[in-house]
Amino acid sequence: REGRLFGLLSSHQGSRVDLESTRRDSYPKQAKMLIPKKNRREVYKYLFKEGVLQAEKDFNKPKHSDELDVPNLHVIKLMQSFTSLELVTERFAWRHFYWFLTDKGIEYLREYLGLPQDVVPATLKKSQRPLERLPARPQGDRPRRFGGDREAGGFGGREGYRREGGFGRGAGGDKAGAPGSYAPQFGGAGRGAPPS
């Protein structure tokens, strides 16, 4: 092998050596996934319409979902390609992939699908219905807690068990900790002790 490399060096005096030609093909080249154009367009249209896409990590699933009649493997591989081109961002949790379109991805899909500039994904549309707020409950509907009013300081928080007759350690007026004659002694051979 060194003789082969030396022979290349001597035959290419003064020029760069093509290192690719000296390597053996020890790794097979990766095959590209062939996806029918119909499936590719369906996935792209759905992704542009929704702005997000999710897929279970199941490469053998024959159909992605009810809305998208495409093999799950095709969806995952297309989105892998989009992730490497930074057209989508990917999240993975609990055996599910989640992809979110980026601005670059929106422009790419708009150009690929031939859509006008005013068409945007659902994630960028403003909601038409106003936010619904729950009506405030009157004070009378709420059950009374053991400590009384919040304003009185007895809502059942820390003061609820600290005060006289409360719960926990504060019950019975026992405010003292260890007895006064208790003096712990620390010593002996432990970590950091000088060797004896």
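A. View of the confidence of the model for the chain. On average, residues of the chain score 75 in pLDDT, and 57% of them are at 70 or above. Between the elements of the chain, mean pLDDT differs from a low of 50, seen in helix α1 (residues 2-11), to a high of 94, seen in strand β2 (residues 88-93).

B. Molecular detail of the pattern of salt bridges. Under the defined criterion, the tally for this structure stands at four salt bridges. In this structure, Glu42 and Lys38 form a salt bridge, with 3.7 Å as the shortest nitrogen-oxygen distance. One end of the pair is Glu42 and the other is Lys38, both in helix α3 (residues 37-50) and four residues apart, which spans about a single turn. For Lys38, a relative accessible area of 56% translates into the label exposed.

C. Representation of the packing of aromatic side chains in the model. This model, assessed by the stated rule, comprises six aromatic pairs. Arranged with centres 5.0 Å apart and planes meeting at 80°, the rings of Tyr44 and Tyr112 form a pair that is edge-to-face. Pair noted here: Tyr44 is in helix α3 and Tyr112 is in helix α5 (residues 103-113), with a separation of 68 residues, a long-range link. An angle of 85° between the planes, with centres 5.8 Å apart, marks the rings of Phe82 and Tyr108 as edge-to-face. Separated by 26 residues along the polypeptide, Phe82 in helix α4 (residues 72-84) and Tyr108 in helix α5 bring together distant segments of the chain. Judged by its relative accessible area of 2%, Phe82 is buried. An aromatic cluster is built from Tyr44, Phe82, Tyr108 and Tyr112, whose rings are joined through pairwise contacts.

D. Summary view of the nonpolar core. Counting residues in hydrophobic clusters, the biggest one holds 23 residues, and the most contacted among them are Val43, Leu47, Leu53, Val75, Met79, Phe82 and Trp99. Going through the elements one at a time, α3, β1 (52-56), α4, β3 (96-101) and α5 are the ones with two or more residues in this core. Once residues lying within four places of it in the same chain are set aside, the contact partners of Phe82 are Tyr44, Leu47, Leu87, Val88, Tyr108 and Leu109.

E. The arrangement of unusual backbone geometry in detail. Unusually for a residue other than glycine, Glu86 sits at a positive phi of about 60°. Looking at the secondary structure, you find Glu86 in the loop between α4 and β2. Positive phi, close to 50°, is recorded for Trp94, a residue that is not glycine. Looking at the secondary structure, you find Trp94 in the loop between β2 and β3.

F. Spotlight on the sheet that holds β3. Read across the sheet, three strands follow the order β1-β3-β2 without closing on themselves; strand pairing throughout is antiparallel. Of all strands in the sheet, those bounded by a partner on one side alone are β1 and β2. Strand-to-strand twist across the sheet, computed as the mean angle between neighbouring axes with direction ignored, equals 20°. Against the sheet, α4 contacts β1, β2 and β3, and its axis sits at roughly 130° relative to β1.

How each quantity is defined
Residues numbered from 1 in each chain as written. Predicted model: local features only at pLDDT ≥ 70, side-chain atom pairs only at ≥ 80, totals over all residues. Heavy atoms only, no water. pLDDT = per-residue confidence, 0-100. Helix = DSSP H or I, 4+ residues; strand = E, 2+ residues; numbered from the N terminus. Salt bridge = Lys/Arg side-chain N within 4 Å of Asp/Glu carboxyl O. Buried < 20%, exposed > 50% of the residue type's maximum accessible area, 1.4 Å probe, protein only. Phe/Tyr/Trp six-rings, centres within 6.5 Å; stacked < 30°, edge-to-face > 60°. Core = buried A, V, L, I, M, F, W, Y, C linked by side-chain atoms within 4.5 Å. Contact = heavy atoms within 4.5 Å. Pairing = 2+ DSSP bridges. Axes fitted to C-alpha atoms, helices over the stretch in contact; angles between N-to-C directions.

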